[in-house]
Amino acid sequence: METPSTAGAAGPATEANDAARRRIVIDLGCGRRKKPGAIGLDIASVPGVDILADVMRPLPLKDNSVDEVYASHLIEHVDDVLAFMGEVWRVCKPGALVYFRFPHGSAPFLTWKDPTHRRGVYLAMFEYFDPTTLDGQLWGYYHPAKFKIERRYLNFNLNADTWQPSRARRLLGRLFDWAANRSPRWQYLCERWWGNWVGMEEAHIWLRALKPAGSGPDAIPG
Ligand SMILES: C[S@@+](CC[C@H](N)C(=O)[O-])C[C@H]1O[C@@H](n2cnc3c(N)ncnc32)[C@H](O)[C@@H]1O
């Protein structure tokens, strides 16, 4: 994140820098590929992990203390998604950004070849936590954790940022990514009907934590 220069003296720039320094970003299940600048939490002790933690237990973080949550290829490992989403929501500041990416549930090979995976995951699952969606309204009583879906994206090629697919896969990827992501309706059609025919591999979702403004660290008991 770019911050204004502090050269000179105290003042707005210094305050902005202080605020940036206080910005807490966590990477859950970071493994060896931690997001730069984030605090990495993982159940495994591998290089990059800052805090050993099991995300199926309460996170070792205060209520309303985190600005950004990042979790790449973790949620498919989680047994109890409601409890996990509840913990993510608990540690988020109001309006915190939450990003998940995961192997798409329509790809059975990628979803099930890893013996530590517990579930297939779909973008539509997150609508249950978003009170502006139909499933969020119908089934919002499942759990108090609430998030607004800001953006979603389906990918033909898994981990294309760190793994170079073949030329043919890159071309197919461009075509299928375009078709899948034309609108939320097209994303739904891909998830529900044709994603598994072509093998859509990965999904990304960006959420905002919905909480009363003014919730500060420890403001909510628990
Ligand atoms: C597929 S790896 C993803 C690693 C990294 N985020 C990435 O995208 O390359 C899944 C990671 O989640 C971690 N993990 C699995 N279950 C966990 C749990 N209950 N609590 C914390 N971390 C867990 C694993 O140790 C592993 O590092």
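Structure's up top.
Residues numbered from 1 in each chain as written. Predicted model: local features only at pLDDT ≥ 70, side-chain atom pairs only at ≥ 80, totals over all residues.

Asks: Explain the overall build of the protein to me, please; I cannot follow it from the model alone.
Replies: Counting secondary structure elements, the protein contains 6 helices and 7 strands. Mapped in sequence order, the helices and strands of the protein form the string α-β-β-β-β-α-β-α-α-β-α-α-β. Expressed as a percentage of its 222 residues, the buried residues of the protein come to 32%. Counted over contacts in the protein with a minimum sequence separation of 6, partners at least 24 positions apart contribute 61%. (Helix = DSSP H or I, 4+ residues; strand = E, 2+ residues; numbered from the N terminus. Buried ≥ 20, exposed ≤ 12 C-beta atoms within 10 Å, placed from the backbone. Contact = placed C-beta atoms within 7 Å.)

Asks: Any chance you could explain helix H2 (residues 81–91) here in plain terms?
Replies: In an α-helix, one turn spans 3.6 residues; hence positions three or four apart end up facing the same way. Turning to H2, its buried residues number three or more, namely Phe84, Met85, Glu87, Val88, Trp89, Arg90 and Val91. For H2, the secondary structure elements touched by its buried residues are strand E4 (66–72), strand E5 (92–103), strand E6 (147–155) and strand E7 (202–209).

Asks: For this particular structure, what's the right way to read the nonpolar core?
Replies: Taken as a class, soluble globular proteins show a tendency for nonpolar side chains to be buried jointly. Membership of the largest hydrophobic core comes to 45 residues, with the highest contact counts inside it found for Val69, Val88, Cys92, Val98 and Phe147. Secondary-structure elements contributing two or more residues to this core are strand E1 (25–28), E4, H2, E5, E6, helix H5 (167–180) and E7. Setting aside chain neighbours within four positions, we find Val88 in contact with Val69 and Val98. (Core = buried A, V, L, I, M, F, W, Y, C linked by C-beta atoms within 7 Å.)

Asks: Would you explain the sheet that holds E4 in this entry?
Replies: Within the open sheet, the 7 strands sit side by side as E3-E2-E1-E4-E5-E7-E6. Their pairing is mixed. Edge positions in the sheet fall to strand E3 (51–52) and E6, since each has one partner strand and no second. In this sheet, E4 lies alongside E1 in parallel orientation, the contact comprising 3 bridges. By the bridge assignment for E4, Val25 is matched with Glu68. This element, H2, spans E4, E5, E6 and E7 of the sheet and lies at about 140° to E5. (Pairing = 2+ DSSP bridges. Axes fitted to C-alpha atoms, helices over the stretch in contact; angles between N-to-C directions.)

Asks: What's the story with unusual backbone geometry in this structure? I'm lost.
Replies: Note: most peptide bonds trans; most residues except glycine with negative phi. Phi at Asn64 takes a positive value of approximately 50°, unusual for a residue other than glycine. Examined against the element boundaries, Asn64 turns out to sit in the loop between E3 and E4. Asn64 sits in the buried class, given 21 other C-beta atoms within 10 Å. Despite not being glycine, His73 has its phi angle at roughly 55°, a positive value. Structurally, His73 is set in the loop between E4 and H2. You can call His73 partly exposed: it has 19 C-beta atoms within 10 Å.

Asks: Would you explain the packing of H5 against helix H6 (residues 184–198) in this entry?
Replies: Packed helix pairs are characterised by how far apart their axes lie and by the angle those axes make with each other. Following both chains from N to C, one finds H5 and H6 inclined at 145°, their axes separated by 9 Å at the closest point. From H5, Phe176, Ala179 and Ala180 reach across to H6, where they touch Trp186, Gln187, Cys190, Gly195 and Val198. Of the residues assigned to the contact of H5 with H6, the class counts are 6 nonpolar, 2 polar and no charged. (Nonpolar A, V, L, I, M, F, W, Y, C, P; charged D, E, K, R; others polar.)

Asks: Is there a simple way to think about the pairing of E4 in this case?
Replies: Two faces make up the sheet, and in a regular strand the side chains alternate between them. Taken across its 7 residues, E4 has 5 buried, putting it largely inside the fold. Bridging between E4 and E5 involves 6 bridges; their strand directions are parallel. If you follow Glu68 over to E5, its bridge partner there is Leu97. What joins E4 to E5 is H2, and the crossover it makes is right-handed. (Right-handed = clockwise from strand over helix to strand, strands pointing away.)

Asks: For this particular structure, what's the right way to read the environment of Phe84?
Replies: When you line up the elements, Phe84 lands in helix H2. Linking Phe84 and Arg57, residues 27 residues apart in sequence, is a C-alpha distance of 8.1 Å. Residues within four places of Phe84 in sequence aside, it is in contact with Val55, Met56 and Val78.

Asks: Even after reading the chapter, I still don't get the environment of Pro184, so can you show me in this structure?
Replies: Looking at the secondary structure, you find Pro184 in helix H6. In the structure, Pro184 is positioned 32 residues away from Arg152 in sequence and 8.1 Å away in space, judged by C-alpha atoms.

Asks: I keep staring at the pairing of E1 and nothing clicks. Help me out?
Replies: Pairing between E1 and strand E2 (residues 39–42): 3 bridges, direction parallel. Note on E2: the bridge partner recorded for Leu28 is Leu41.

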